[in-house]
Amino acid sequence: MLEPISAFYHSLNAVGRTTMITTPILLLAVVILLVLERKFPYRKGLPFFREGLFVDLFWYTLVQSYFLQILIFGFIIAPLAARFGTQFHWVSSWPVVAQVGFFVITHDFYIYWFHRFQHNSAFFWRTHEAHHSGKQVDWLAGSRSHAVEIIINQTIEFAPIVLLGANPIVVPIKALIDAVWGMYIHANIDVKSGKLQYVINGPEMHLWHHADHEEVYYANFSTKFAVWDWLFGTAYLPANRKPERWGLPYAFPKDYFAQHAFSVYRFDEAALAEKSVVFRQYHGVRWRLLNWVGNRLPAAKVLQGWEVTQGADATVPALRPGGNPAPAASVSTPVESSRPVTAAS
Ligand SMILES: [Zn+2]
Ligand SMILES: [Zn+2]
């Protein structure tokens, strides 16, 4: 059985072979994080089938990533590489480990500042609020990133790797590091890393970043290295305290396309569903699908927290989480909150 796999492996180029190694590592990391989430939960009782899991997995992780990879590599980076050729191949002679380390650190430094900028700019907040919209944050929650945010960040991440002449295998290696670290900082795991949290970022600080508490609206911007937050005065890590409220202080659509439309034009998803039969039907697809899986796959129900509200597809407004104000009240008029979207838009 191993022979065809071995033959296939040797028929691939270096990037393909690296991907054959990074993919199982990624899957293994998912399994480990899922086990740790169940054994040492940060928030007890957070279900595996939490709200928005389908949107994050299907639309953001699979569909959006697939199309944006083609756009970023095929239509932005490839023309740039063709234009500049080997002109800036400054890192080509470095060992692969040094190249990976260099790009991990420099990009993480960039992402800290861009992320901080997104929280401080009413315009760019619109490209980031989707990431904060989930109220049940877990291993997959970090995948929810607006398409524009991904295009900007991944172009700035991968264009230098190609233009500076890094070994092509740096791309899948860096992508693996991003994916695993991204899942880790969002994972619902009660990590207490002590002094390590001054350097290595983890759920301790990033879960606070997803809390709906005023004290963290402008804190904990780091992704991989928490040291940026400590150095630049934006770290927030209270001892023995956990967030009580999560997500955004205003209502946010639950559908992938509605989330993107909402970044351009504010509307009430529930009202739209009430008005438009087509939208209501479309909106109910994933709930019908979840019901379908739940009814046919008893094993799924055994997993903690399987719950699909009866008749959910017919009553979209009922899906709005409790305590979440209607968008008309908080989006169009400035409120006390200092979130850029309310203060400056
Ligand atoms: Zn943020
Ligand atoms: Zn996050």
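Note that the structure is a prediction, hence the values are computed from the model and not measured.

Reading the values: the criteria
- Starting from 1, residues in each chain are numbered consecutively following that chain's sequence as written.
- By the order in which they are written, chains take letters starting at A while ligands take numbers starting at 1.
- With the structure being a predicted model, the display of local features is reserved for residues of pLDDT at least 70 and the display and counting of side-chain atom pairs for 80 or more, all residues being used for whole-chain, interface and lining totals.
- Strands here are runs of E lasting at least two residues and helices are runs of H or I lasting at least four, both read from the DSSP assignment and numbered beginning at the N terminus.
- Whether a residue is buried, exposed or partly exposed is read from the other C-beta atoms within 10 Å of its own C-beta, which are placed from the backbone; 20 or more gives buried, 12 or fewer gives exposed, and intermediate counts give partly exposed.
- Contact definition: two residues whose C-beta atoms, as placed from backbone geometry, lie within 7 Å.
- Confidence per residue, as judged by the predictor, is encoded in pLDDT with a range of 0 to 100.
- To count as a nonpolar core, a set of buried Ala, Val, Leu, Ile, Met, Phe, Trp, Tyr and Cys residues must be joined through C-beta atoms within 7 Å.
- UniProt positions are given in the numbering used here, feature names are shortened, and annotations may be inferred rather than shown by experiment.
- Working convention: axes come from line fits to C-alpha atoms, limited for helices to the stretch in contact. Angles between N-to-C directions cover 0 to 180 degrees.
- Under this scheme an angle from 65 to 115 degrees is roughly perpendicular, one under 35 degrees roughly parallel, and one over 145 degrees roughly antiparallel; angles in between are oblique.
- Less than a right angle of anticlockwise turn of the near helix away from the far helix marks a crossing as left-handed, whereas a clockwise turn marks it as right-handed.
- Each residue is assigned to one of three groups, with Ala, Val, Leu, Ile, Met, Phe, Trp, Tyr, Cys and Pro labelled nonpolar, Asp, Glu, Lys and Arg labelled charged, and all others, Gly among them, labelled polar.
- One less than the number of residues in a helix, times 1.5 Å, gives the span that helix is expected to have.

## Thoughts on the overall build of the protein
Point 1. A tally of regular secondary structure across the protein gives 16 helices and zero strands.
Point 2. By the burial criterion, 34% of the 345 residues in the protein qualify as buried.
Point 3. Partitioning the intrachain contacts of the protein with sequence separation of at least 6 by distance along the chain shows that 71% fall at a separation of at least 24.

## Focus on the confidence of the model for the protein
As a general rule, the predicted coordinates of low-pLDDT regions are not to be interpreted in detail.
Point 1. Across the protein, the average pLDDT comes to 86, with 86% of residues at or above 70.
Point 2. Ignoring residues within four places in sequence, the model shows residues 302-306, a span with pLDDT below 50, making 13 contacts including any to other chains.

## Observations concerning the nonpolar core
Point 1. Core analysis: the largest hydrophobic core is formed by 21 residues, its most contacted members being Leu33, Tyr112, Trp139, Met183, Tyr184, Ala187 and Trp208.
Point 2. Contributions of two or more residues to this core are made by helix H4 (96-120), helix H7 (170-186) and helix H8 (203-209).
Point 3. Of the residues forming this core, the biggest block, four residues, is contributed by H7.
Point 4. Formed by eleven residues, the second largest nonpolar core is a distinct cluster that contains Phe103, Phe158, Ala166 and Ile169.

## Points about the environment of Trp113
Point 1. Tracing the chain through its elements places Trp113 in helix H4.
Point 2. Trp113 sits in the exposed class, given 12 other C-beta atoms within 10 Å.
Point 3. Once the C-alpha coordinates of Trp113 and Trp228 are considered, the two residues, 115 residues apart in sequence, prove to be 9.1 Å apart.

## Section: the UniProt feature "transmembrane region" (unreviewed entry) in the protein
Point 1. Sites flagged by UniProt as "transmembrane region" (unreviewed entry) map to residues 20-36, 57-82 and 94-114.
Point 2. End C-alpha to end C-alpha, residues 20-36 measures 25 Å, and it is 100% helix and 0% strand.
Point 3. Between the end C-alpha atoms of residues 94-114 there is a gap of 28 Å, over a span that is 90% helix and 0% strand.

## As for the environment of Pro41
Point 1. Along the chain, Pro41 turns up in the loop between helix H2 (14-39) and helix H3 (53-84).
Point 2. Given 16 C-beta atoms within a 10 Å radius, Pro41 is considered partly exposed.
Point 3. Residues Pro41 and Ala187, 146 residues apart in the sequence, show an inter-C-alpha distance of 8.8 Å.
Point 4. For Pro41, the contacting residues outside a window of four places in its chain are Leu46, Asn188 and Asp190.

## Brief notes about the packing of H4 against H7
Point 1. Interhelical geometry of H4 versus H7 gives an angle of 50° and a closest axis separation of 10 Å. The orientation of H4 with respect to H7, classified from their angle, is oblique. When you trace H4 past H7, the crossing you get is right-handed. Two secondary-structure elements touch here, H4 through Val96, Gln99, Val100, Phe103 and Val104 and H7 through Val170, Ile173, Lys174 and Ile177.

## Describing unusual backbone geometry
Point 1. In this model, Asn220 sits at a positive phi of 55°, which is unusual for a non-glycine residue.
Point 2. Mapped onto the elements, Asn220 comes out in the loop between H8 and helix H9 (227-231).
Point 3. The exposure class assigned to Asn220 is buried, which follows from the 24 C-beta atoms found within 10 Å.
Point 4. Although it is not a glycine, Asn240 sits at a positive phi angle of roughly 55°.
Point 5. Among the secondary structure elements, Asn240 is positioned in the loop between H9 and helix H10 (256-264).

## Some points on the packing of H2 against H7
Point 1. Relative orientation of the contacting elements H2 and H7 amounts to 10°, with a least axis distance of 9 Å. It follows that H2 is roughly parallel to H7 by the angle criterion. Here H2 contributes Val15, Thr18, Thr19, Thr22, Ile25, Leu26, Ala29, Val30 and Leu33 to the contact with H7, which in turn contributes Val171, Pro172, Ile173, Leu176, Ala179, Val180, Met183 and Tyr184.
Point 2. Tallied by class, the residues present in the contact of H2 with H7 amount to 14 nonpolar, three polar and no charged.

## Comments concerning H4
Point 1. In this model H4 runs 36 Å from its N-terminal to its C-terminal C-alpha over 25 residues, within 8% of the 36 Å that 1.5 Å per residue would give.
Point 2. Within H4 the residues assigned to the buried category are Gln99, Val100, Phe103, His107, Asp108, Ile111, Tyr112, His115 and Gln118.
Point 3. Structurally, H4 contributes buried residues whose contacts are with helix H5 (122-125), helix H6 (147-163), H7 and H9.

## A few points about H2
An α-helix turns once every 3.6 residues. As a result, residues three or four positions apart point the same way.
Point 1. Between its first and last C-alpha atoms H2 spans 38 Å; for 26 residues at 1.5 Å apiece the expected length is 38 Å, and the two agree.
Point 2. Among all positions of H2, only Thr18, Leu33 and Glu37 are buried.
Point 3. On its buried face, H2 sits against H7.

## Comments concerning the environment of Gln154
Point 1. With respect to the helices and strands, the residue Gln154 is situated in helix H6.
Point 2. A count of 22 C-beta atoms within 10 Å places Gln154 in the buried class.
Point 3. In this structure, the C-alpha to C-alpha distance between Gln154 and Gln69, residues 85 residues apart in sequence, is 8.8 Å.

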